[in-house]
Amino acid sequence: MALRGEIRVLGDKSITHRALILASMAQGESRIIRPLKSEDTLRTLHILEALGTHFVWEGEDLIVQPALYHPSLMPLDCGNSGTTARLLMGLLCAQPFQSTLIGDPSLMERPMNRVAEPLRTLGARIVLTASDHLPAQILPSSL
């Protein structure tokens, strides 16, 4: 006997990070259905808000209204989210303004050169600490 119905699964952290970033880059409004609300994904959302993206919750769904990114007056705090730091490093190195990524003490001890170095080979200008940790100063480049 076949069962019919609907199953709701929890949002996925990795997919939610990427959906937030891609929707912020899109032309026109996007709807993310049941994204995962976690400390890490909300860090990504808040940084994108600081850069100009507008988010509206409709129940469990998130409406994303992109805008041209603009520089943040404050360092962009990734908290303890390495995924936020790594993905946004790639996004920010293509912007025409300077940004700084920081994190909590644990994240500030994690090496970031494995992301920064490939981006540098493409023309990005990323300055890390002498030990290749955050803060990451991301300068405008020809990337």
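You'll find the structure just up there.
Every chain is numbered on its own, with residues counted from 1 as its sequence reads. Under the rules for a predicted model, residues below a pLDDT of 70 receive no local features and side-chain atom pairs below 80 are neither given nor counted, while totals for whole chains, interfaces and linings still include all residues. Water and hydrogen atoms were dropped before computing side-chain values, which therefore reflect all heavy atoms in the structure.

Here's the deal with the packing of helix 1 (residues 13–25) against helix 2 (residues 39–50)
Phase 1: Only the stretch in contact is used when fitting a helix axis, every axis being a line fitted to C-alpha atoms; angles between N-to-C directions are given from 0 to 180 degrees. Each helix corresponds to a stretch of at least 4 residues labelled H or I by DSSP, and each strand to a stretch of at least 2 residues labelled E; elements are numbered beginning at the N terminus. Following both chains from N to C, one finds helix 1 and helix 2 inclined at 10 degrees, their axes separated by 9 Å at the closest point. Judged on the interaxial angle alone, helix 2 and helix 1 are roughly parallel. Here Lys13, Thr16, His17, Leu20, Ile21 and Ser24 of helix 1 come into contact with helix 2, specifically with Asp40, Thr41, Thr44, Leu45 and Leu48.
Phase 2: Of the residues belonging to the contact of helix 1 with helix 2, the class tally is 4 nonpolar, 5 polar and 2 charged. Roughly parallel here means an angle under 35 degrees, roughly antiparallel means over 145, roughly perpendicular means 65 to 115, and every remaining angle is called oblique. In this description, contact between two residues means that some pair of their heavy atoms is separated by no more than 4.5 Å. In this classification, the charged set is Asp, Glu, Lys and Arg, the nonpolar set is Ala, Val, Leu, Ile, Met, Phe, Trp, Tyr, Cys and Pro, and all remaining amino acids, among them Gly, are polar.

What about the packing of aromatic side chains?
Phase 1: We call Phe, Tyr and Trp rings a pair once their centres come within 6.5 Å, taking the six-membered ring for Trp, and we label the pair stacked below 30 degrees between planes, edge-to-face above 60, and tilted otherwise. For the coordinates displayed, the defined rule picks out 0 aromatic pairs.
Phase 2: The criterion is that NZ of a Lys, or CZ of an Arg, lies within 6 Å of the ring centre and within 35 degrees of the ring normal, and then a charge sits over that ring. Its guanidinium or amino end placed over the ring of Trp57, Lys37 lies 4.1 Å from that ring's centre, counting from NZ or CZ.

Observations regarding the state of the cysteines
Phase 1: What counts as a disulfide here is a pair of cysteine sulfur atoms lying within 2.5 Å. Under the criterion given, the structure shown has 0 disulfides.
Phase 2: There is no disulfide at Cys78, and the cysteine sulfur nearest it, in Cys93, is 14 Å away.

Notes on the sheet that holds strand 7 (residues 136–139)
Phase 1: Between any two strands, at least two bridges found by DSSP are needed for them to pair. Reading across the sheet, the 4 strands line up as 4-5-7-6 and stay open at both edges, with mixed pairing between neighbours. The sheet terminates laterally at strand 4 (76–77) and strand 6 (125–127), the two strands that pair on one side only.
Phase 2: Where strand 6 meets strand 7, 3 bridges bridge the pair, whose relative direction is antiparallel. From the neighbouring strand, Arg125 faces strand 7, where its bridge partner is Leu139.
Phase 3: Against the sheet, helix 3 (residues 82–92) contacts strand 4, strand 5 (99–102), strand 6 and strand 7, and its axis sits at roughly 175 degrees relative to strand 5.

A short note on the pattern of salt bridges
Phase 1: A pair is scored as a salt bridge if a Lys or Arg side-chain nitrogen falls within 4 Å of a carboxyl oxygen belonging to Asp or Glu. One pass over the full model with this rule turns up 5 salt bridges.
Phase 2: We note a salt bridge from Arg31 to Asp61, for which the minimum N-O separation is 3.2 Å. Remark: Asp61 occurs in strand 3 (residues 61–65) and Arg31 occurs in strand 1 (residues 30–32); sequence separation between them is 30 residues.
Phase 3: Classification of Arg31 as partly exposed rests on a relative accessible area of 44%.
Phase 4: For Asp61, a relative accessible area of 16% puts it in the buried group.
Phase 5: Here the residues in one salt-bridge network are Arg31, Glu58 and Asp61, joined through shared partners. We call a residue buried when its accessible area falls under 20% of the maximum for its residue type, exposed when it is over 50%, and partly exposed in between, using a 1.4 Å probe and counting protein chains only.

What to know about the pairing of strand 5
Phase 1: By the alternation rule, side chains of strand 5 split into Ser99 and Leu101, which are all buried, and Thr100 and Ile102, of which none is buried.
Phase 2: Bridge count between strand 4 and strand 5: 2 bridges; the pairing is parallel. Residue Leu76 lies in a different strand from strand 5, and its bridge partner there is Leu101.
Phase 3: Here strand 5 runs beside strand 7; their pairing, made up of 3 bridges, is antiparallel. In the sheet register, Thr100 faces strand 7, and the bridge partner there is Gln137.

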